[in-house]
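Read off the chains here:
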Amino acid sequence: MSELVLDLKDLCKGYNHGQPNEITVLRDATLGVAAGEVVALVAPSGSGKSTLLHIAGLLDQPDSGTVRIAGEDMTGLGDRRRTAIRRDKVGFVYQFHHLLPEFSAEENIVLPQLAAGQSRAAARARAQALLETVGLSPRASHRPAELSGGEQQRVAFCRALANGPALLLADEPTGNLDPDTSELVFAALLNLVRTEGLAALIATHNLDLAARMDRKVRLEAGRII
Ligand SMILES: Nc1ncnc2c1ncn2[C@@H]1O[C@H](COP(=O)(O)OP(=O)(O)OP(=O)(O)O)[C@@H](O)[C@H]1O
């Protein structure tokens, strides 16, 4: 039995099929990420990182190839099942935090849990534990506008992990932060991922950060090498 949490096989993906501006982005891209493993995805701009992460996170479909998450083949699943898997098994972090501005840090982490059917008391306890892991307990009642950029991003990590996903996908999670803040925020992310024992695939341009992950893969000419 496979221990891979994320198992991508022979993914092909292009855009604008049959049109003059047709483009092939992924060509037989294959990648596995095991539980507890943090993998850096390093690739130049425009090479297909976001395309790969969106397919892995069930936000988009490949033209061919298979996506397995926690052992389950996603091929041919209906929208409802895909949405449920995305909600329960996958956490997604973007370059920009996308926190809800009218809610506090804690509420931003509580809300996705309530949507998943969790009780308010359990959701609050989980939010507080996550905030503590990233050193933000004293900021729990602050709204996003009352937090620094690095603090906002750390709250976004906690929100992504709110429902206890098995897999974390991150697209340039420190891309809009200065180098010192990136370092701090990345350390918080690694701490969270290690504490929760997640499989993580983290796209970054930052080679220093990539070197601190368990493994580094590159996306080149549509393939993972
Ligand atoms: N919906 C789309 N329609 C047409 N082309 C697209 C679409 N989405 C992405 N592309 C093209 O596919 C290629 C890969 O895009 P993608 O966003 O995956 O790259 P990326 O590696 O994440 O880039 P960046 O680091 O700049 O965000 C680019 O050439 C892009 O222009």
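Under the annotation held in an unreviewed UniProt entry, the protein carries the name ATP-binding cassette domain-containing protein and is attributed to Pseudooceanicola albus. The Sequence similarities (unreviewed entry) comment attached to the protein in UniProt states, word for word, "Belongs to the ABC transporter superfamily. Macrolide exporter (TC 3.A.1.122) family."

Engineer: Got a sec to walk through the overall build of the protein? Specific residues and values, please.
Structural biologist: For the protein, the count of helices and strands is 7 helices and 10 strands. The C-alpha atoms of the protein give 17 Å as radius of gyration, which agrees with the globular expectation for 225 residues (17 Å, within 12%). Its C-alpha atoms give the protein principal-axis dimensions of roughly 50 × 40 × 35 Å. Residue burial in the protein is summarised as follows: out of 225 residues, 40% are buried. Pairs at least 24 residues apart make up 73% of the contacts formed inside the protein by residues separated by at least 6 positions.

Engineer: Describe in detail the sheet that holds strand β10 (residues 223-224), supporting the description with residues and values.
Structural biologist: The mixed open sheet is built from 6 strands, whose spatial order is β6-β7-β8-β3-β9-β10. Pairing within the sheet leaves two strands with one partner each, and these edge strands are β6 (90-93) and β10. The pairing of β6 with strand β7 (residues 167-171) spans 4 bridges and is classified as parallel. Note that in β7 the partner of Phe 92 across the bridge is Leu 169. Against the sheet, helix α1 (residues 49-56) makes contact with β3 (38-42), β7, β8 (199-203) and β9 (215-220), and its axis sits at roughly 155° relative to β7, the strand it touches most.

Engineer: Provide a residue-level description of the site of the ligand, including the pertinent values.
Structural biologist: As a structural note, the neighbourhood of the ligand is formed by Tyr 15, Asn 16, Ile 23, Val 25, Ala 43, Ser 45, Gly 46, Ser 47, Gly 48, Lys 49, Ser 50 and Thr 51. For the shell around the ligand, the secondary-structure elements that each account for two or more residues are β2 (23-34) and α1. The residue inventory of the shell around the ligand, partitioned by class, reads 4 nonpolar, 7 polar and 1 charged.

Engineer: Residues and numbers for the UniProt feature "domain: ABC transporter" (unreviewed entry) in the protein, please.
Structural biologist: Taken from the UniProt record, the annotation "domain: ABC transporter" (unreviewed entry) applies to residues 6-225. Measuring from the first to the last C-alpha atom of residues 6-225 gives 17 Å, for a span that is 36% helix and 26% strand.

Engineer: An account of the nonpolar core is requested, with residue identities and associated values reported.
Structural biologist: Soluble globular proteins: nonpolar side chains tend toward being buried together. Core analysis: the biggest nonpolar cluster contains 60 residues, and Phe 157, Cys 158, Leu 168 and Ala 200 have the highest contact counts within it. At 6 residues, helix α6 (residues 179-196) tops the list of elements feeding residues into this core. Setting aside chain neighbours within four positions, we find Phe 157 in contact with Val 93, Val 134, Ala 188, Leu 189 and Leu 192.

Engineer: Residues and numbers for the pairing of β7, please.
Structural biologist: Summarising burial for β7: 5 of the 5 residues are buried, a large majority. Every second residue of β7 is oriented toward a common face, with Leu 167, Leu 169 and Asp 171 on one face and Leu 168 and Ala 170 on the other, all of them buried. One crossover worth recording links β7 to the parallel β8 by way of α6, and it is right-handed.

Engineer: Tell me about α6, and name the residues and values.
Structural biologist: The terminal C-alpha atoms of α6 lie 26 Å apart, and with 18 residues this matches the ideal 26 Å at 1.5 Å per residue to within 8%. Listed as buried for α6 are Ser 182, Val 185, Phe 186, Ala 188, Leu 189, Leu 192 and Val 193. End-on view of α6: buried residues confined to an arc of 160°, all on one side of the axis. On its buried side, α6 packs onto β3, α4 (120-133), α5 (149-160), β7, β8 and α7 (207-211). Downstream of α6 by a residue or two, Gly 197 has a phi angle that is positive, lying close to 65°.

Engineer: So, the environment of Arg 126: which residues are in play, and what are the values?
Structural biologist: On the secondary structure map, Arg 126 appears in helix α4. Residues Arg 126 and Cys 158, spaced 32 residues apart in sequence, show a C-alpha to C-alpha distance of 9.5 Å. Filtering out sequence-adjacent residues up to four positions away, Arg 126 remains in contact with Gln 113 and Ala 162.

Engineer: Please provide a residue-by-residue account of the sheet that holds strand β5 (residues 72-73), values included.
Structural biologist: Taken together, 4 strands build an open sheet; the order of strands is β2-β1-β4-β5 and the sheet is antiparallel. Pairing within the sheet leaves two strands with one partner each, and these edge strands are β2 and β5. Summarising the sheet, strand β4 (residues 64-69) and β5 pair through 2 bridges and their orientation is antiparallel. Each bridged residue has a counterpart across the sheet, and for Ile 69 the counterpart in β5 is Glu 72.

What counts, and at which threshold
Residues numbered from 1 in each chain as written. Predicted model: local features only at pLDDT ≥ 70, side-chain atom pairs only at ≥ 80, totals over all residues. UniProt positions renumbered as here; feature names shortened; annotations may be inferred. Helix = DSSP H or I, 4+ residues; strand = E, 2+ residues; numbered from the N terminus. Rg over C-alpha atoms; globule rule 2.2 N^0.38 Å. Buried ≥ 20, exposed ≤ 12 C-beta atoms within 10 Å, placed from the backbone. Contact = placed C-beta atoms within 7 Å. Pairing = 2+ DSSP bridges. Axes fitted to C-alpha atoms, helices over the stretch in contact; angles between N-to-C directions. Near = placed C-beta within 6 Å. Nonpolar A, V, L, I, M, F, W, Y, C, P; charged D, E, K, R; others polar. Core = buried A, V, L, I, M, F, W, Y, C linked by C-beta atoms within 7 Å. Right-handed = clockwise from strand over helix to strand, strands pointing away. Expected span 1.5 Å × (residues − 1). Arc of directions from axis to C-beta.

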